[in-house]
Amino acid sequence: LFTRLVPECRDAVSGLVRPRCERSITTGPVSLGSPIVSAPVVVIGSGFIGRAAAEAIRDSGRPTVMAARRSFDPPLRVRAVTCEPTDVDALMTSMRPGSDVVFAAGSSVPAGDENDPQGGVDALVPLIAALEAVRRTTDASLLFVSSGGAVYGEPDHLPVAEDHPLRPLNAY
């Protein structure tokens with residue numbers, strides 16, 4: 001399972017791992033001798049998918065920050081930030097103009113969402129905060145990462161295409 005998911009995660013962040021020389025955190029004119037510094041990629045979530053995304057982005061050479069609710073040990077050469085993911089201002093402290101944000105946080109449990117629909121709604125609050133932080137940051141973008149294969153149910157064929165009929169097995 002691990003060897004299958006990591007390449008898929010790396011593919012998902014491929015647009016973020018290419019160096020973006022046109023983006024810089026400098027505020028003034030850049031002279032020919034100035035190094036171009038990429039804005040950091042902020043990965044919100046420290047679980048399996050968030051960690052794999054952070055490692056792939058770090059390996060590309062982009063500065064990488066992981067933000068999570070609880071303290072955690074980040075991968076080498078990845079800065080860790082502990083903050084409440086619903087706090088827009090706290091999320092923005094890790095961002096710079098041109099930052100890309102990878103939202104890989106989630107705490108929903110399928111059975112829990114089915115038994116407590118409000119819990120599923122409450123799980124959206126961190127995403128809304130991340131979207132607001134991106135909206136307030138110049139030239140920032142957000143990539144929402146999810147283990148969304150669950151929405152297809154039992155596939156008719158493999159690999160599953162994006163236009164495959166949706167037949168979710170549960171609320172997850």
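Novice: Help me understand the sheet that holds strand E4 (residues 100-103) in this model?
Specialist: Paired through their backbone hydrogen bonds, the strands of a sheet run either parallel or antiparallel. Judged by pairing direction, the sheet is parallel, and its five strands sit side by side in the order E3-E2-E1-E4-E5 without closing on themselves. Whereas interior strands pair on both sides, the edge strands pair on one side only; in this sheet they are strand E3 (79-82) and strand E5 (141-144). Direction aside, the axes of adjacent strands within the sheet are offset by 20 degrees on average. Across four bridges, E4 lies against E5 in parallel orientation. Within the sheet, the bridge partner assigned to Val101 lies in E5 and is Leu142.

Novice: Where do I start with the pattern of salt bridges in this structure?
Specialist: Oppositely charged side chains are able to pair whenever their charged atoms sit close together. The full count for this structure, using the stated rule, is seven salt bridges. A salt bridge links Asp59 to Arg58; the shortest N-O distance between them is 2.9 Å. For Asp59, a relative accessible area of 45% puts it in the partly exposed group. Glu84 is paired through a salt bridge with Arg69; the nearest N and O atoms lie 3.0 Å apart. Placement of Glu84 in the loop between E3 and helix H4 (88-92) and of Arg69 in the loop between strand E2 (64-68) and E3 is noted, with a sequence separation of 15 residues between them. The partly exposed category is assigned to Glu84, whose relative accessible area is 35%. Exposure remark for Arg69: the relative accessible area of 38% places this residue in the partly exposed category.

What counts as what
Residues numbered from 1 in each chain as written. Predicted model: local features only at pLDDT ≥ 70, side-chain atom pairs only at ≥ 80, totals over all residues. Heavy atoms only, no water. Pairing = 2+ DSSP bridges. Helix = DSSP H or I, 4+ residues; strand = E, 2+ residues; numbered from the N terminus. Axes fitted to C-alpha atoms, helices over the stretch in contact; angles between N-to-C directions. Salt bridge = Lys/Arg side-chain N within 4 Å of Asp/Glu carboxyl O. Buried < 20%, exposed > 50% of the residue type's maximum accessible area, 1.4 Å probe, protein only.

Any functional reading would require information that these geometric values do not contain.
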